[in-house]
Structures are given as structure tokens and as C-alpha cells.
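Listed below, chain by chain, are the residues.
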Amino acid sequence: GIGAYLVRLGQRVIQMKQGPIILTGYSALNKLLGSEVYNSQDQLGGPQIMYPNGVTHETVEDDQEGVASMLKWLSFVPKTVGALPASRAESDPVDRPVEWRPTPTPYDPRLMLGGTSEMAGFFDKGSWKEYLNGWGKSVITGRGR
């Protein structure tokens, strides 16, 4: 289906919350199946299907938010194959300590990566961006500086 097709086209999928990603419409599939199994495009490729299944990396409200997400993603990508990603001037000093520490009780590991408003995490303040957080709830993936 479209999920496998998208992986071949690119490695990043941003989907609007109000828009399905589909190749074949639901009515064509119903005809093929010989019964009314689907009643909307969202059942096939809506964000409620694509996001929790790991096809969509991030959902956004509108095109502007989608473009902003693309630009943030591209800021982590090197200009050419084999090159290092561009460095950015950050307010965090290189030698600052990671202040957030794991606790003996259950905690959200994202806090260690991104920190809190009071304690710095592993990455520079405000640079951590999680992806695929609708998929594999015990797996945390993202990028940060």
C-alpha cells in the first residue's frame, strides 16, 4: 500500500491532521472486495491509521506548520552526502552539565533528552524534536543538537 510506497519515495512523512494519504480510493477497494468494507478515505490513509502505524512521522494542523517542520528537519541534514550537519549558534555552552537526572521512580525519558524549563537535558535547550511519537510508545526517536 501507500505506506510501503512512501518509504521508497522519501524518508520523512508529514501529514495534515485533516487529510488522508491514499493511492486508491475507498470505493475502488469496496468494488474489488465486493462489499462495503470502507466508508471513507480516512479509514485507509487518515492520520489515525498512518501515524500510529509508523508511516507518518509527524502530524500538523496546516501547510504552514508542515513547511516549518520540514525546515527544522532539514536543519539536521548535511548539505552533501558524507558532510557534517551545519552547526548552529546555540545559547547552551558546550561544556554545560546535563542537569536532569533519572529518578528511582518511573519517569519520562524525554526529559533526559530535552530537559525541563528548570533543568537542562542532554541536547541544547529547544533543539530536541521527537518524531514517530504516535508509533511504538516504548521507543523514542528524534533529533537534537
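Given the structure is predicted, the values throughout are model-derived calculations rather than measurements. (Residues numbered from 1 in each chain as written. Predicted model: local features only at pLDDT ≥ 70, side-chain atom pairs only at ≥ 80, totals over all residues. Heavy atoms only, no water.)

Explanation requested: the packing of aromatic side chains in the structure shown.
Summed over all chains, the structure comprises four aromatic pairs. Look at W73 and Y131: their rings are 5.0 Å apart centre to centre, the planes differ by 80°, and that puts the pair in the edge-to-face class. Of this pair, W73 sits in helix α5 (residues 63-74) while Y131 sits in strand β3 (residues 129-131), placing them 58 residues apart in sequence. As far as burial versus exposure is concerned, W73 and Y131 are alike and both buried. Between F123 and W128, the aromatic rings sit 5.6 Å apart at their centres with planes inclined by 5°, giving stacked as the arrangement. Accessibility expressed as a relative area gives 19% for W128, which makes it buried. Counting every residue linked through ring pairs, the aromatic cluster contains F122, F123 and W128. Cation over ring: R143 sits above W73, and NZ or CZ is 3.9 Å from the ring centre. Against the face of F76 rests R145, its NZ or CZ located 4.5 Å from the ring centre. (Phe/Tyr/Trp six-rings, centres within 6.5 Å; stacked < 30°, edge-to-face > 60°. Helix = DSSP H or I, 4+ residues; strand = E, 2+ residues; numbered from the N terminus. Buried < 20%, exposed > 50% of the residue type's maximum accessible area, 1.4 Å probe, protein only. Lys NZ or Arg CZ within 6 Å of the ring centre and 35° of its normal.)

Please explain the side chain of S127 as it appears in this structure.
By the secondary structure assignment, S127 is in the loop between α6 (110-114) and β3. At 2.9 Å, the side chain of S127 forms a polar contact with the backbone oxygen of D124. From its side chain, S127 meets the backbone nitrogen of R145 in a polar contact 2.9 Å long. (Polar contact = N/O pair within 3.5 Å; in protein donor to acceptor, adjacent residues only side chain to side chain.)

Would you mind going over α5 with me for this structure?
Residue pairs three or four apart in sequence face the same way in an α-helix, which turns once every 3.6 residues. Taking 1.5 Å as the rise per residue, α5 with twelve residues should run 16 Å; its terminal C-alpha atoms sit 16 Å apart, in good agreement. Of the residues making up α5, those classed as buried are G66, S69 and W73. Buried residues in α5, looked at end-on, bunch into an arc of 60°, giving them a common side. Turned more than 90 degrees off the buried face of α5, the exposed positions are Q64, L71 and L74. Each element contacted by the buried residues of α5 is listed here: β1 (14-16), β2 (58-60), β3 and β4 (141-143). Of the residues flanking the start of α5, the one acting as N-cap is D62, its side-chain oxygen 3.3 Å from the backbone nitrogen of Q64. (Expected span 1.5 Å × (residues − 1). Arc of directions from axis to C-beta. Contact = heavy atoms within 4.5 Å.)

Looking at this structure, how should I read the confidence of the model for the protein?
A low pLDDT score tells you not to read the predicted coordinates there in detail. A residue-level look at the protein finds 94% of positions with pLDDT of 70 or above and a mean pLDDT of 87. Looking over the protein, one finds the lowest element-wise mean pLDDT in helix α1 (residues 2-9), namely 67, and the highest in β2, namely 94. (pLDDT = per-residue confidence, 0-100.)

Is there a simple way to explain a nonpolar patch on the surface in this structure?
A contiguous nonpolar surface patch, about 440 Å² in accessible area, is contributed by V67, M70, L71, L74 and V77. Its location among the elements puts L74 in helix α5. Judged by its relative accessible area of 51%, L74 is exposed. (Patch = residues over 30% accessible without salt bridge, like charges linked within 9 Å, V, L, I, M, F, W, Y side chains within 5 Å. Areas by Shrake-Rupley, 256 points an atom, 1.4 Å probe, with all protein chains shown as cover. Salt bridge = Lys/Arg side-chain N within 4 Å of Asp/Glu carboxyl O.)

How should I be thinking about the pattern of salt bridges in this particular structure?
Should the charged atoms of two oppositely charged side chains come close, the side chains can pair. As enumerated under the stated definition, the model contains six salt bridges in all. For E58, the salt bridge is made with R12, and the minimal N-O distance between the two is 2.8 Å. Here E58, found in strand β2, pairs with R12, found in the loop between α1 and β1; they are 46 residues apart in sequence, far enough to count as distant. Given the relative accessible area of 17%, R12 is considered buried. Between R110 and E130 there is a salt bridge whose closest N-O contact spans 2.7 Å. Placement of the pair is R110 in helix α6 and E130 in strand β3, with a sequence separation of 20 residues. In this structure E130 comes out as buried when scored by relative accessible area, which is 13%. Put simply, R12, E58 and K129 are held in one network by salt bridges that share partners.

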